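If you want the building blocks of each chain, they are given just below.
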Amino acid sequence: MSSIQKRIAEMNRRVEDLQERGIYFYLQPLDGLNGAWVSSNGQRMLNFASYSYLGLLGHPRIEQAAQEAIKQYGTGTHGVRILAGSLPLHVELEQTIARFKKAEAAIVYSSGYVTNLTTVSTLVGRDDVVICDKFNHASIVDGCLLSGARFLRFRHNDMGDLEQRLRQAAPDQGKLVIVDAVFSMDGDVIDLPEVSRLCREHNALLMVDEAHSLGVLGETGHGIEEHFGMEGAIDVQMGTLSKTIPSVGGYVAGKRELITYLKHAARAFVFSAALPPAQVAAARASFEVIEDEPERISALRRNVGLFLNGLRARGFDTLNSETPIVPIICGADEQAYQMARLCQEEGIFVLPVVSPAVPVGAARLRANVTAVHTASDIAHALDIFESAGKQLGVIG
Ligand SMILES: Cc1ncc(COP(=O)(O)O)c(C=O)c1O
């Protein structure tokens, strides 16, 4: 068997093993989505696995914008924007994002993953150094590897270690520091004031991935700069249009010069088709809804408090989460699978995250709370987590 065949066989063996034991939870068929509820194989469950943090998926104003865009422009584009033409909708979305992120300009790409891959590999190359938090998202890691730059990583949210890495680069070398705003497995927030100070001191460019902070952090949901009162601190503001924004795509906002450069050099912009009109219109309307319906942000904040405090009071380890992403640490992979099984049997849709996605021994349920959960939804879920946790010895 070649190494390629071995790799394929090994993954198939893992999947079949989990399926046979009835603890395979991935790619679950969903036959209905309705606010805080999902339905899978006919079972109605409370959804604690959604990224629609403000509950904008299914919002009538957003859906109407998408329908009108299809009527006017159809379902696709003629190809890449730089060669086949750019719709007014694309330009309007980029202007909306730039205004929302208080930046000079923005560029949109066809996914968040691709945004990181192409942005990082366009900004740095063989002569440069790129420095990442160890818990950064896979799409950032892949962008760093693709770039060919010297790739250094610092311990998670450890500013002393970041400083050490910055000192490893030559003073005149191009340096790019990249961090997640909110970490997608742990739900904690990067120490932006210190990262920003170190970047300025060492003349490094700062890129922040706001996949999980857009619409979530900051008094009015504008993200991590608003959260820390640090407008203008980030050079490359990256985000996705697939989580709080119920569409698909990714963006970078920043100085006009940076965006012009990306629009002519980023391979995923120059060699890949434009986002379809419906998704662009939906994304644009979503930014407006976030600003017009601030009560959603207050509801989300209240729910994060209820959920985190409730879990901690019951003895669960939720690491340093302070956001809607709440890790419920279970320990061994098997414990996380069994927790997911018990919770799903009781009507809570929540998924396990196991190694290698998280360190061995830190397998968890990753539970996401959203603005559309009611206080009684949360109380009900807490009871189920508690009973499952006690049954498996995750809590005493
Ligand atoms: C931190 C982070 N960045 C980027 C992405 C990729 O975004 P998308 O799913 O929109 O491609 C994700 C998605 O899970 C993410 O969590």
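These numbers were taken from a predicted model, which means no experiment stands behind them.

What counts and how
- Residues numbered from 1 in each chain as written.
- Predicted model: local features only at pLDDT ≥ 70, side-chain atom pairs only at ≥ 80, totals over all residues.
- Heavy atoms only, no water.
- Phe/Tyr/Trp six-rings, centres within 6.5 Å; stacked < 30°, edge-to-face > 60°.
- Buried < 20%, exposed > 50% of the residue type's maximum accessible area, 1.4 Å probe, protein only.
- Pairing = 2+ DSSP bridges.
- Helix = DSSP H or I, 4+ residues; strand = E, 2+ residues; numbered from the N terminus.
- Axes fitted to C-alpha atoms, helices over the stretch in contact; angles between N-to-C directions.
- Contact = heavy atoms within 4.5 Å.
- Polar contact = N/O pair within 3.5 Å; in protein donor to acceptor, adjacent residues only side chain to side chain.
- Near = heavy atom within 4 Å.
- Areas by Shrake-Rupley, 256 points an atom, 1.4 Å probe, with all protein chains shown as cover.
- Parallel < 35°, antiparallel > 145°, perpendicular 65-115°, else oblique.
- Left-handed = near helix turned anticlockwise from the far one by under 90°.
- Nonpolar A, V, L, I, M, F, W, Y, C, P; charged D, E, K, R; others polar.
- Core = buried A, V, L, I, M, F, W, Y, C linked by side-chain atoms within 4.5 Å.
- Salt bridge = Lys/Arg side-chain N within 4 Å of Asp/Glu carboxyl O.

Q: Tell me about the packing of aromatic side chains, and please be specific about residues and values.
A: According to the stated counting rule, one finds 7 aromatic pairs in the structure shown. Consider the rings of Tyr-24 and Tyr-26, whose centres lie 5.6 Å apart with planes at 80°: the pair is edge-to-face. When its relative accessible area of 25% is taken as the criterion, Tyr-24 is described as partly exposed. For Tyr-26, a relative accessible area of 27% gives the class partly exposed.

Q: Tell me about the sheet that holds strand S3 (residues 43-47), and name the residues and values.
A: Strand-to-strand pairing in sheets goes through backbone hydrogen bonds, with the strands running parallel or antiparallel. The 4 strands are arranged S1-S2-S3-S12 in an open sheet whose pairing can be described as mixed. On the outer flanks of this sheet lie strand S1 (32-34) and strand S12 (348-349), each paired with one strand and no other. In the sheet, S1 pairs with strand S2 (residues 37-40) via 3 bridges, with the strands oriented antiparallel. Residue pairing in the sheet places Leu-33 in a bridge with Val-38 of S2.

Q: Give me the sheet that holds strand S13 (residues 351-353): which residues, what numbers.
A: Strand order in the open sheet formed by 3 strands is S11-S14-S13, and the pairing between neighbours is antiparallel. Looking at which strands have only one partner, the edges of the open sheet turn out to be strand S11 (325-331) and S13. Geometrically, the sheet is characterised by an average inter-axis angle of 35° between neighbouring strands, direction not taken into account. In this sheet, strand S14 (residues 363-368) lies alongside S11 in antiparallel orientation, the contact comprising 6 bridges. Across the sheet, Ile-328 pairs through a bridge with Leu-365, a residue of S14. In the packing of helix H14 (residues 333-345) onto the sheet, the strands contacted are S11, S13 and S14, and the crossing angle to S14 comes to about 35°.

Q: Break down the side chain of Asn-368 for me, citing the residues and quoting the values.
A: Examined against the element boundaries, Asn-368 turns out to sit in strand S14. The exposure class of Asn-368 is buried, given its relative accessible area of 2%. A polar contact is formed between the side chain of Asn-368 and the backbone oxygen of Ser-50, at a distance of 3.0 Å. When near neighbours in sequence (up to four residues on either side) are disregarded, Asn-368 contacts Asn-47, Phe-48, Ala-49, Ser-50, Tyr-51, Tyr-53, Pro-324, Ile-325, Val-326 and His-373.

Q: Give me the lowdown on the site of the ligand, citing residues and values where you can.
A: Inspection of the region around the ligand gives 14 residues, with Tyr-113, Asp-209, His-212, Ser-242 and Lys-243 positioned closest. A distance of 2.8 Å is found between an oxygen atom of the ligand and a backbone nitrogen or oxygen belonging to Tyr-113. Side-chain polar atom of Ser-242 to an oxygen atom of the ligand: 2.6 Å apart, as the coordinates give it. For the ligand, whose accessible area on its own is 390 Å², the fraction buried by protein is 84%. At 3 residues, helix H5 (residues 112-123) tops the list of elements feeding residues into the shell around the ligand.

Q: I'd like to hear about the pairing of strand S10 (residues 250-254), residue by residue, with values.
A: On a regular strand, each side chain points to the face opposite its neighbour's, so the side chains alternate between the two faces of the sheet. When you tally the buried positions in S10, you get 5 out of 5 residues, the bulk of the element. Neither face of S10 is exposed, since Gly-250, Val-252 and Gly-254 on one face and Tyr-251 and Ala-253 on the opposite face are all buried. As paired strands, strand S4 (residues 105-109) and S10 are joined by 5 bridges and run antiparallel to one another. Bridging across to S10, Ala-106 finds its partner in Ala-253.

Q: I'd love a proper account of the packing of helix H4 (residues 88-100) against helix H12 (residues 277-292), names of residues and values included.
A: In the contact formed by H4 and H12, the axes pass within 9 Å of each other and the chain directions differ by 30°. Taken together, H4 and H12 sit at an angle that is classed as roughly parallel. Here H4 runs over H12; the crossing is left-handed. Packed against H4, whose contacting residues are Leu-89, His-90, Glu-92, Leu-93, Thr-96, Ile-97, Arg-99 and Phe-100, the element H12 presents Pro-277, Val-280, Ala-281, Ala-283, Arg-284, Phe-287, Ile-290 and Glu-291 at the interface. Among the residues forming the contact of H4 with H12, the class breakdown is 10 nonpolar, 2 polar and 4 charged.

Q: Break down the nonpolar core for me, citing the residues and quoting the values.
A: If you look at the biggest cluster of nonpolar residues, it comprises 102 residues, and the most contacted ones within it are Leu-241, Phe-307 and Phe-385. Those residues within four positions of Phe-307 in sequence are excluded, and the remaining contacts are Phe-48, Val-326, Ala-367, Val-369, Ile-378, Leu-382 and Phe-385. Ile-140, Cys-144, Leu-176 and Ala-266 belong to the second-largest nonpolar core, a separate cluster that totals 22 residues.

Q: Could you give an account of helix H6 (residues 138-147), with specific residues and numbers?
A: Every α-helix carries 3.6 residues per turn, so stepping three or four residues along brings you back to the same face. Turning to H6, its buried residues number three or more, namely Ser-139, Ile-140, Val-141, Gly-143, Cys-144 and Ser-147. Looking at the buried positions of H6, the neighbouring elements they touch are H5, strand S5 (129-133), strand S6 (150-154), strand S7 (175-180) and strand S8 (205-209). Trailing H6 by a residue or two, Gly-148 shows a phi angle of about 80°, which is positive.

Q: Describe unusual backbone geometry, listing the residues and the values that go with them.
A: Across the junction of Ser-355 and Pro-356, the peptide omega takes the value 5°, indicating a cis bond. Relative to the elements of secondary structure, Pro-356 occurs in the loop between S13 and S14.

Q: So what's going on with the pattern of salt bridges? Which residues, and what values?
A: Counted by the stated rule, this structure contains 24 salt bridges. Measuring nitrogen to oxygen at the nearest pair gives 3.2 Å for the salt bridge that ties Glu-10 to Arg-13. Taken together, the positions of Glu-10 and Arg-13, both in helix H1 (residues 3-20) and 3 residues apart, correspond to about one turn of that helix. According to the relative accessible area criterion, Arg-13 is partly exposed, its value standing at 47%. Note that Glu-163 is salt-bridged to Arg-167, the shortest N-O span being 2.9 Å. Remark: Arg-167 and Glu-163 occur in helix H7 (residues 159-168); sequence separation between them is 4 residues, near one turn of the helix. Members of the salt-bridge network, linked through shared partners, are Arg-61, Glu-92, Arg-284, Glu-288 and Asp-292.

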